[in-house]
Amino acid sequence: MKRIHNKRRTAKKTHPRKIYHAFSSWRFLFVSIAIGVIAVTLIGRLAFIQVIEPEYLTQEADKRSLRITKSVTHRGNISDRHGEELAISVPAYAIWVDPKAVKAAYAFNDEQWQASAYESSRTGLIRYKKKKFFESKKWSALAEVLDLKIDQLVKIIARPRARFVYLKRQVNRPIVDYIKQLKLAGIANQLESHRYYPTGEINANIIGLTDLDAQGIEGIEKSYNSFLQGQTGTNRVRKDRLGNVIDYIEVLKEKKAAGNLQLSIDQRIQAVAYSELKRAVKINHATSGSVVVIDVNTGEIYAMANFPSFNPNDRSQYQPYKLRNRAITDTFEPGSTVKPLVIASALIYKKADINEVIDTSPGWMNIGGRRVRDGRNLGKMDLAMILKKSSNIGVTKLALRLKPEQLQQTFADFGMGNDTGIGLIGESVGRLPVRHRWSEFELATLSFGYGITATTLQLAKAYAILGSGGKDYPLSILKIDNPGEGEQVIPRNIALQVVHMMEGVAKKGGTAKKARVEGYRIAGKTGTSRKAEAGGYGDDYVSIFAGLAPATNPKFSIVVMINEPQGDRYYAGDVAAPVFSSVMQSALLLTHIPPDDENTRYTFLEQLKDAN
Amino acid sequence: MSALRNNLLLLILADLRRYFMVVVLAMLLLISAFYNIYITHETRKLATEKDHLAQKKDNLMSEWQNLLIEVHTLDEHSRIRHIAKTKLLMSQPTKDNSVLVEIP
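Starting afresh in each chain, residues are numbered from 1 along the sequence in its written order. Lettering for chains starts from A, numbering for ligands starts from 1, and both go in the order in which the items are written. A pLDDT threshold of at least 70 governs which residues receive local features in this predicted model, and a stricter bar of 80 or more applies before side-chain atom pairs are shown or counted, although totals over entire chains, interfaces and linings include all residues.

## With respect to the overall build of chain B
Runs of H or I in DSSP of at least four residues are treated as helices and runs of E of at least two as strands, each being numbered from the N terminus. Looking only at helices and strands, chain B features 4 helices and 1 strand. Seen in sequence order, chain B has helices and strands lined up from the N terminus as α-α-α-α-β. Whereas a compact globule of 104 residues would reach a radius of gyration of roughly 13 Å, chain B reaches 40 Å, over 25% beyond that. Projected onto its principal axes, the C-alpha positions of chain B cover 125 × 35 × 15 Å. For chain B, the proportion of its 104 residues judged to be buried stands at 1%. We compute the radius of gyration from the C-alpha atoms alone; for a globule the expected value is 2.2 Å times N to the 0.38, where N is the number of residues. Our exposure labels follow a C-beta count within 10 Å of each residue's own C-beta, placed from the backbone: buried means 20 or more other C-beta atoms, exposed means 12 or fewer, and partly exposed covers the counts in between.

Set out below in structure tokens:
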């Protein structure tokens, strides 16, 4: 080896030195052309990419970096007048499965498992692509956490062509995190929102509820659906390798914030109203009942409770008859509760004098062959006494002095047969018959509340008009800051006189002593009307108490309606009046209305100071 | 002359001086280009931060809503009434054991 090397060296040395030219033109030419060609190729390629056909690469880049992101808007909250939430939306998740992906990764029987066998190229051993479904503990864990049976799960996954099946909706965060950790093939989650009602059955009838796709289907949720809804926005963004957003490209859909609704409901009063109503309905074995509390000076509804109700958080209880907001949908004949309106009508049209005394003896009278009667012979009475004793003869005599149109007009002024302005879905307007020919007997029955129908809310509104000194405010379920000026539908002095007359009802000898509220003067009227059935009036009753307090300057109008009380005590004075009393007391105390009853003594703060 | 001509450095300097404006413009171009890169980078950082903050806000909102639910489930009026009556043996004051305070 070494020898050969040396030989070569010696050979080199012996070789005569060849002289090269410093500049060789063909070499220069070659290098120039080579560099030129390379340059042109590169520039050409560059131009091709940049100028002639840039779309392809742009598209490829966009495929890898452009994403569409969602900016989720949840449904707005509903709160009461003090800002306490009655309906809240929280994010929830829907768990869904792609059965095809599951079938690709898991074997349900031995054959499938055997079929997935393949030979590993590296080790040469037999391996299986699919795992055994039933031997995996993860699937039973999933079934358990989703409250499903494993058989149900298998049935869902076995569907031949399905690619998207909900396993469970409205699942909360911890469960989703757990499922994520299971890392099961074909299982994914999707953000949605869950509506939660903290007050449960108390407000269920008025607020209503939403379906699984967050659309209002009942009550306020439906009436104000578009306002509460908002809109989920979508943006086109550029993301980097790590998934961070690096550029906002454009807004595809504007995000609209959902509106929050503030109701006029005072949840404290509402809670009392509901629990008292529930108790009364149960004690009297009644079928249903409603309570409405209205602020007479603004038309705001402070409470509106119904029984039966349901828990909107538990959809398995969902039954349409429980869902109904009976205070606005169900009409009944108001019975004696319209008597104050008849007296107001007689005073308006100057057919009666405020101090007039009417003889109701002998306690019955015949009109057109039909008989109208009182419970007993009540003798001579003034107008206040007629209300206090609820004399049918008394109001009949007043009604007969009026023309039918006049009485009808007064009823219409009090809002009978007309909507209350509350604007909720399903409101019924009742029935105020309008015709020209009235028999005297029909007029008489109209005067004690038969032949017309009204909802609990309408009746409460009629009393609110009396309480506000004849002013008609459109009712509102939403909190209003500036109620505006009400329309004067009844002369102020007449409204106040009638309120004063109604004070007798809770006094000694009145029909509803149980309606009394300690420390306050109340004005009200009972009503016990037989329910009309096919072919006449049956044995079921509707017990109603409508009233105002404090009588000197009314603040609240409350109507209690108990439908079909069973047992011996079905008179409104025993059934509905106690509910009125406790609801009114809570309402007055909670809104800090000073007591107006001169006969009850209160300790004043000043007196305490003096005593010390 | 020939010494000057052969000194490459001096030659280059002389040339640069001759095309001074071009050099300045080239420098400006370069600075602007780098600044562009820098600003783009900063913008992207801000966009990322905004996205993170928005996400954080969403999470906080959702937590807040959940806490609201908890609060309102606990402070539901009939529940408090029940606890007050049965556990704490409280009752509504009557007129005899209450003092009327007039708020002016």
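After that view of the structure, there is still more to cover.
## What about the overall build of chain A?
Counting its regular elements, chain A contains 24 helices and 26 strands. The C-alpha atoms of chain A give 41 Å as radius of gyration, which overshoots the globular expectation for 612 residues (25 Å, by more than 25%). By its C-alpha atoms, chain A is 160 × 70 × 65 Å across when sized along the principal axes. Counting over 612 residues, chain A shows a buried share of 41%. Residue pairs are scored as contacts if the distance between their C-beta atoms, which are placed from the backbone, is within 7 Å. Counted over contacts in chain A with a minimum sequence separation of 6, partners at least 24 positions apart contribute 70%.

## Thoughts on the sheet that holds strand E25 (residues 556–563) of chain A
All names here are of chain A. In this description, strands pair whenever DSSP reports at least two bridges between them. What the 5 strands build is an open sheet, ordered E14-E13-E25-E24-E23; its pairing is antiparallel. With partners counted over all chains shown, the strands left at the sheet margins are strand E14 (301–307) and strand E23 (523–533), one partner each. The mean angle between the axes of side-by-side strands here comes to 10°, regardless of whether they run parallel or antiparallel. Pairing analysis gives 8 bridges linking strand E13 (residues 288–295) to E25, with the strands arranged antiparallel. Opposite Ser-290, over in E25, you have Met-561 as the bridge partner. The angle between two axes is taken between their N-to-C directions and runs from 0 to 180 degrees, where each axis is a line fitted to C-alpha atoms and a helix contributes only its stretch in contact.

## Remarks on the sheet that holds strand E1 (residues 66–71) of chain A
Residue and element names in this part refer to chain A. Strand order across the open sheet formed by 3 strands is E1-E10-E11, with antiparallel pairing between neighbours. The open sheet terminates on both sides in strands that have one partner only, identified here as E1 and strand E11 (245–253). Along the sheet, successive strands turn relative to each other by an average axial angle of 30°, direction set aside. Pairing of strand E10 (residues 233–239) with E11 involves 6 bridges; the strand directions are antiparallel. Bridging across to E11, Lys-239 finds its partner in Val-245.

## Focus on the nonpolar core
We call a set of buried Ala, Val, Leu, Ile, Met, Phe, Trp, Tyr and Cys residues a nonpolar core when their C-beta atoms link them within 7 Å. By size, the foremost hydrophobic cluster in this structure holds 135 residues, and its most contacted members are Val291(A), Val292(A), Val293(A), Ile558(A), Val560(A) and Ala576(A). With residues up to four places along the chain from it excluded, the contact list for Ala576(A) reads Ser543(A), Ile544(A), Phe545(A), Val560(A), Met561(A) and Ile562(A).

## Section: the interface of chain A and chain B
With 26 residues of chain A at the contact, the number on the chain B side is 18 residues. Among the elements that make up the side of chain A that touches chain B, the one with the highest residue count is strand E3 (residues 85–97) of chain A (5 residues). Looking at side-chain class alone, the side of chain A that touches chain B contains 13 nonpolar, 8 polar and 5 charged residues. For strand E26 (residues 603–604) of chain A and strand E1 (residues 99–100) of chain B, the ladder comprises 2 bridges, and the chain directions are parallel. Bridge pairing links Thr603(A) to Val99(B) in E1(B). All amino acids are sorted into three groups, where Ala, Val, Leu, Ile, Met, Phe, Trp, Tyr, Cys and Pro are nonpolar, Asp, Glu, Lys and Arg are charged, and the leftover types, Gly among them, are polar.

## With respect to the packing of helix H15 (residues 339–348) of chain A against helix H18 (residues 404–413) of chain A
All names here are of chain A. Where H15 contacts H18, the two axes come as close as 9 Å, and the packing angle between them is 120°. As the angle between them shows, H15 and H18 are arranged oblique. Considering the relative orientation of H15 and H18, their crossing is right-handed. Contact with H15, carried on its side by Leu-341, Val-342, Ala-344, Ser-345 and Ile-348, involves Gln-406, Leu-407, Thr-410 and Phe-411 of H18 and no other residues of that element. Note that the term roughly parallel is reserved for angles under 35 degrees, roughly antiparallel for angles over 145, roughly perpendicular for angles of 65 to 115, and oblique for everything else. By convention, the crossing between two helices is left-handed when the near helix turns anticlockwise from the far helix through less than a right angle, and right-handed when the turn is clockwise.

## Things to note about the environment of Asn66(B)
Structurally, the position occupied by Asn66(B) is in helix H3 (residues 20–74). Each C-alpha atom, one on Asn66(B) and one on Leu16(B), is 70 Å from the other, the two residues being 50 residues apart in sequence.

## Things to note about the environment of Asp472(A)
Residue and element names in this part refer to chain A. On the secondary structure map, Asp-472 appears in strand E21 (residues 471–472). Considering only alpha carbons, one finds Asp-472 and Asn-297, 175 residues apart in sequence, at a separation of 9.1 Å. Sequence-distant contacts of Asp-472, defined by excluding residues within four places in its chain, comprise Gly-415, Ile-465, Gly-486, Glu-487 and Val-489.

## Some points on unusual backbone geometry
Residue and element names in this part refer to chain A. The omega angle of the peptide bond from Phe-307 to Pro-308 is 0°, so this bond is cis rather than trans. Here Pro-308 shows up in the loop between E14 and helix H13 (320–323). Of the consecutive residues Ser-361 and Pro-362, the connecting peptide bond is found in the cis state with omega at 0°. Note that Pro-362 resides in the loop between strand E16 (357–359) and strand E17 (364–367). Positive phi is not limited to glycine here, since Gln-170 has a value of about 55°. Among the secondary structure elements, Gln-170 is positioned in strand E8 (residues 165–171). Within the chain, His-285 stands out as a residue other than glycine whose phi angle is a positive 50°. With 10 C-beta atoms packed within 10 Å, His-285 lands in the exposed category.

## Section: the confidence of the model for chain A
Residues of chain A with pLDDT of at least 70 account for 97%, and the chain-wide mean is 87. The secondary structure element of chain A with the lowest average pLDDT is helix H1 (residues 2–14) of chain A, at 53, and the one with the highest is E13(A), at 95. Confidence scores labelled pLDDT are given residue by residue by the predictor and lie between 0 and 100.

## So, helix H12 (residues 267–283) of chain A
Residues and elements named next belong to chain A. One less than the number of residues in a helix, times 1.5 Å, gives the span that helix is expected to have. Taking 1.5 Å of rise per residue, the 17 residues of H12 would be expected to cover 24 Å, and the 24 Å separating its terminal C-alpha atoms lies within 8% of that figure. Counting buried positions along H12 gives 13 out of 17 residues, so the element sits mostly inside the fold. His-285 occupies a position one or two residues after H12 and carries a positive phi of about 50°.

## Details of the confidence of the model for chain B
Interpreting fine coordinate detail is not advised for predicted regions of low pLDDT. Residues and elements named next belong to chain B. Averaged over every residue, the pLDDT of chain B is 87; the share at 70 or more is 95%. Taken element by element, chain B is modelled with least confidence in helix H1 (residues 2–6), mean pLDDT 58, and with most confidence in H3, mean pLDDT 92. Our summary of model confidence lists the complex with pTM equal to 0.81 and ipTM equal to 0.73.

## A short note on the environment of Leu475(A)
By the element assignment, Leu475(A) lies in the loop between E21 and strand E22 (487–488). Distance in space between the C-alpha atoms of Leu475(A) and Thr420(A) is 5.7 Å, their sequence separation being 55 residues.

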